[in-house]
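What follows is the residue order along each chain.
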Amino acid sequence: MTGANPPGAGILDRSRIRLGRARRTVGAAGPQLAGAGRMLSPGAASAALTFDDGPDPVWTALVLDLLGELGVPATFFLVGQRARAHPDIVRRMLDEGHGIGSHSASHPDPAAMPVRELVDDYRRGRWMVESVAGVEVRLFRPPTGRIDLAHAPAIRASGLRPWLWSLDTEDWREGTTTEQILASVSPGDGDVVLLHDGLQPAGSPEAHSRAATVAAVPVLVERYRRAGLSLVLLPDASSAPARPRAGVLQ
Ligand SMILES: [Zn+2]
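Note that residues are indexed from 1 along each chain, following the sequence as it is written. The predicted nature of this model means local features are confined to residues of pLDDT at least 70 and side-chain atom pairs, given and counted, to a pLDDT of 80 or more, with totals for whole chains, interfaces and linings taken over all residues.

Asks: Quick question: what am I supposed to make of the overall build of the protein chain here?
Replies: Looking only at helices and strands, the protein chain has 8 helices and 8 strands in total. Classification of the 250 residues of the protein chain by burial places 45% in the buried group. Where helices and strands are cited, they refer to DSSP runs of H or I of at least four residues and of E of at least two residues respectively, numbered from the N terminus. Any residue surrounded by 20 or more other C-beta atoms within 10 Å of its C-beta is treated as buried, while 12 or fewer makes it exposed and the intermediate range makes it partly exposed; C-beta atoms here are placed from the backbone.

Here is the structure:
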């Protein structure tokens with residue numbers, strides 16, 4: 001990383017556990033987040049694609065187009081302010097069978113905001129997404145994956161379940177190529193893959209194109225399929241209310 005670090009990037013760099021090129025990582029949270037999800041239950045031959053920082057009118061729409069063509073669901077962790085700005089994209093996610101969770105109201109840097117303000121931002125983020133989507137939001141992914149001891153209890157008390165990831169494609173790094181994203185993914189049972197469909201504010205070092213991520217999506221889906229792994233929603237992801245189907249027991 002050169003030049004000014006984007007908010008939280010340094011935290012991520014220091015906190016990730018790297019296991020070789022595969023970059024199987026966990027989020028920044030420590031033992032205090034024993035209840036945070038990181039991987040799907042093993043043995044189910046499944047994996048989950050997750051997208052953070054949207055919705056974005058350009059990149060999220062392209063991701064949804066691709067996922068629709070491929071016929072696979074994904075879970076999107078939405079920034080509340082962006083969900084309010086693009087409610088049509090949020091509704092499209094639900095209509096097309098995807099899941100959603102909250103990724104804060106304003107995407108603050110958790111290390112740079114007082115705890116009380118941070119918890120308030122997280123609570124508002126949930127409410128903003130719920131007000132747009134019309135469904136209860138249960139999943140939460142903190143910006144940069146960081147939850148400190150000081151505010152973890154408040155997040156739990158709010159009823160949100162933190163979900164991190166098991167595999168970081170590092171597509172959030174400026175200049176990451178499709179090849180680098182693909183090189184970071186070797187499909188495994190229970191993987192939760194971290195990707196990004198949204199952009200940080202214009203002018204920030206992270207305000208770059210998501211074209212590399214978009215181009216990687218079809219290849220990733222194919223790899224998981226070839227590995228015999230089904231791509232599924234994260235448990236407790238909010239989705240559109242089920243429409244009754246003949247022959248399906250409730
Ligand atoms: Zn984020």
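Moving on, there is more to tell.
Asks: Where do I start with helix α2 (residues 59-70) in this structure?
Replies: Residues separated by three or four positions in an α-helix point in the same direction, a consequence of the helix having 3.6 residues per turn. Over its 12 residues, α2 extends 17 Å from the first C-alpha to the last, a length consistent with the 16 Å expected when each residue adds 1.5 Å. For α2, the complete set of buried residues consists of W59, T60, V63, L64 and L67. On an axial view of α2, the arc spanned by its buried residues comes to 135°, and they lie on one face. Whether two residues are in contact is decided by their C-beta atoms, placed from the backbone, lying within 7 Å. Structurally, α2 contributes buried residues whose contacts are with β1 (46-54), α4 (87-95) and α8 (211-226). One or two steps after α2, the chain reaches G71, where phi turns positive at roughly 75°. What a helix should span is 1.5 Å times the count of its residues minus one. By definition, the arc is the one covered by directions from the helix axis to the C-beta atoms.

Asks: In this structure, what is going on with the nonpolar core? I would like to understand it.
Replies: Generally speaking, soluble globular proteins have nonpolar side chains that are buried together. Within the largest apolar cluster, 56 residues are counted, with the highest numbers of intra-cluster contacts made by A48, L78, V90, I100, V129 and V193. Apart from residues no more than four positions distant in its own chain, V193 is found in contact with A47, A48, L49, T50, W165, L167, T169 and V185. Each nonpolar core reported here comprises buried Ala, Val, Leu, Ile, Met, Phe, Trp, Tyr and Cys residues connected via C-beta atoms within 7 Å.

Asks: Looking at this model, I keep getting lost on the environment of G37. Mind explaining?
Replies: Relative to the assigned elements, G37 resides in the loop between α1 (9-15) and β1. Separated by 126 residues in the primary sequence, G37 and W163 have C-alpha atoms spaced 4.4 Å apart. Sequence-distant contacts of G37, defined by excluding residues within four places in its chain, comprise R161, W163, L164 and L234.

Asks: What is the right way to look at the pairing of strand β3 (residues 99-102) in this model?
Replies: For a regular strand, side-chain orientation follows a simple rule: the groups alternate between the two sheet faces. A two-sided burial pattern is seen for β3, the buried positions comprising G99 and G101 on one face and I100 and S102 on the other. Judged from the 4 bridges that link them, strand β2 (residues 75-78) and β3 form a sheet pairing that is parallel. Among the inter-strand pairings, F77 is bridged to a residue of β3, identified as G101. Strands pair, by our definition, only if DSSP identifies at least two bridges between them.

Asks: Teacher, can you tell me more about the packing of α2 against α8 here?
Replies: Helix packing for two helices is described by the angle between their axes and how far apart those axes are. Axis geometry follows a simple rule: fit a line to the C-alpha atoms, using only the stretch in contact for helices, then measure angles between N-to-C directions, giving values from 0 to 180 degrees. In the contact formed by α2 and α8, the axes pass within 10 Å of each other and the chain directions differ by 20°. As judged from the angle between their axes, α2 and α8 are roughly parallel. In the crossing of α2 with α8, the sense of the turn from one axis to the other is right-handed. For the pair α2 and α8, contact is made by W59, L62, V63, L66 and L70 and by V214, V217, P218 and V221, respectively. Split by residue class, the contact of α2 with α8 holds 9 nonpolar, no polar and no charged. With respect to orientation, any angle under 35 degrees is reported as roughly parallel, any angle over 145 as roughly antiparallel, any angle of 65 to 115 as roughly perpendicular, and every other angle as oblique. Rotating anticlockwise by less than a right angle from the far helix to the near helix defines a left-handed crossing, while the corresponding clockwise rotation defines a right-handed one. Ten residue types, Ala, Val, Leu, Ile, Met, Phe, Trp, Tyr, Cys and Pro, are classed as nonpolar, four, Asp, Glu, Lys and Arg, as charged, and the remainder, Gly among them, as polar.

Asks: Where do I start with unusual backbone geometry in this structure?
Replies: Excluding glycine, most residues fall at negative phi; most peptide bonds, likewise, are trans. Residues G54 and P55 are joined by a peptide bond in cis, for which omega reads 5°. A positive phi angle is found at S104, which is not glycine, with a value near 85°. By the element assignment, S104 lies in the loop between β3 and α5 (115-133). Taking the C-beta count within 10 Å as the criterion, S104 has 27 such neighbours and is therefore assigned buried. Notably, D236 is not glycine yet its phi reads approximately 70°, a positive angle. Secondary-structure assignment places D236 in the segment after β8 (230-231).

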